[in-house]
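Coordinate analysis (summary)
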Amino acid sequence: MSVLVPDAQEMQKNVVTSFCHFVHFFPSRQVAERWTAQHSGTFLLSIHEAHVLARLKNEAQYRDVLS
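Each chain has its residues counted from 1, following the order in which its sequence is written. Totals for whole chains, interfaces and linings use every residue, but because this is a predicted model, local features are given only for residues with pLDDT of at least 70 and side-chain atom pairs only at 80 or more, for both listing and counting. The basis for the side-chain values is all heavy atoms of the structure; hydrogens and waters are excluded.

Focus: the packing of aromatic side chains
Note on aromatic contacts: the rings of Phe and Tyr and the six-membered ring of Trp form a pair at centre separations within 6.5 Å, being stacked when their planes are under 30 degrees apart, edge-to-face when over 60 apart, and tilted otherwise. Going through the model one piece at a time under the given rule, you end up with one aromatic pair. Considering the side-chain rings of phenylalanine 26 and tryptophan 35, the 5.7 Å spacing of their centres and the 45° angle between planes classify their relative orientation as tilted. When its relative accessible area of 17% is taken as the criterion, tryptophan 35 is described as buried. The classification of residues rests on relative accessible area computed with a 1.4 Å probe and restricted to protein chains. Under 20% of the type maximum is buried, over 50% is exposed, and intermediate values are partly exposed.

As structure tokens, then:
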């Protein structure tokens, strides 16, 4: 899947257009590589890697709520 390194200021303005529009699932790695090559700042993660990254982010951001 593709992911974008988020820009905190832009995410405050509109998370959908500044982040969500760059997170995609692809039918193959080749298709994903072509897409990320055309979209600066994006990179690929496996589904497992994305899950781990999201979990770490949520644990850090919502530590008090998740305890």
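So, a nonpolar patch on the surface
Patches here: salt-bridge-free residues with over 30% relative accessible area, like charges joined within 9 Å, nonpolar side chains (Val, Leu, Ile, Met, Phe, Trp, Tyr) joined within 5 Å. All accessibility values rest on the Shrake-Rupley procedure with a 1.4 Å probe; residue burial counts only the protein chains present in the view. Salt-bridge detection follows one rule: a side-chain nitrogen of Lys or Arg within 4 Å of a carboxyl oxygen of Asp or Glu. Taken together, the side chains of Tyr62, Val65 and Leu66 define a hydrophobic patch exposed on the protein surface, amounting to about 330 Å² of accessible area. Along the chain, tyrosine 62 turns up in the loop between helix H4 (47–61) and helix H5 (63–66). In this text, helices come from DSSP runs of H or I with a minimum length of four residues, and strands from runs of E with a minimum of two, each type numbered from the N-terminal end.

Brief notes about the environment of arginine 29
With respect to the helices, strands and loops of the structure, arginine 29 is situated in helix H3 (residues 29–37). On the basis of relative accessible area, arginine 29 is assigned to the exposed category, the value being 56%. With 11 residues separating them along the chain, arginine 29 and serine 18 place their C-alpha atoms 23 Å apart.

Geometric descriptors of this kind do not, in isolation, establish any biological role.
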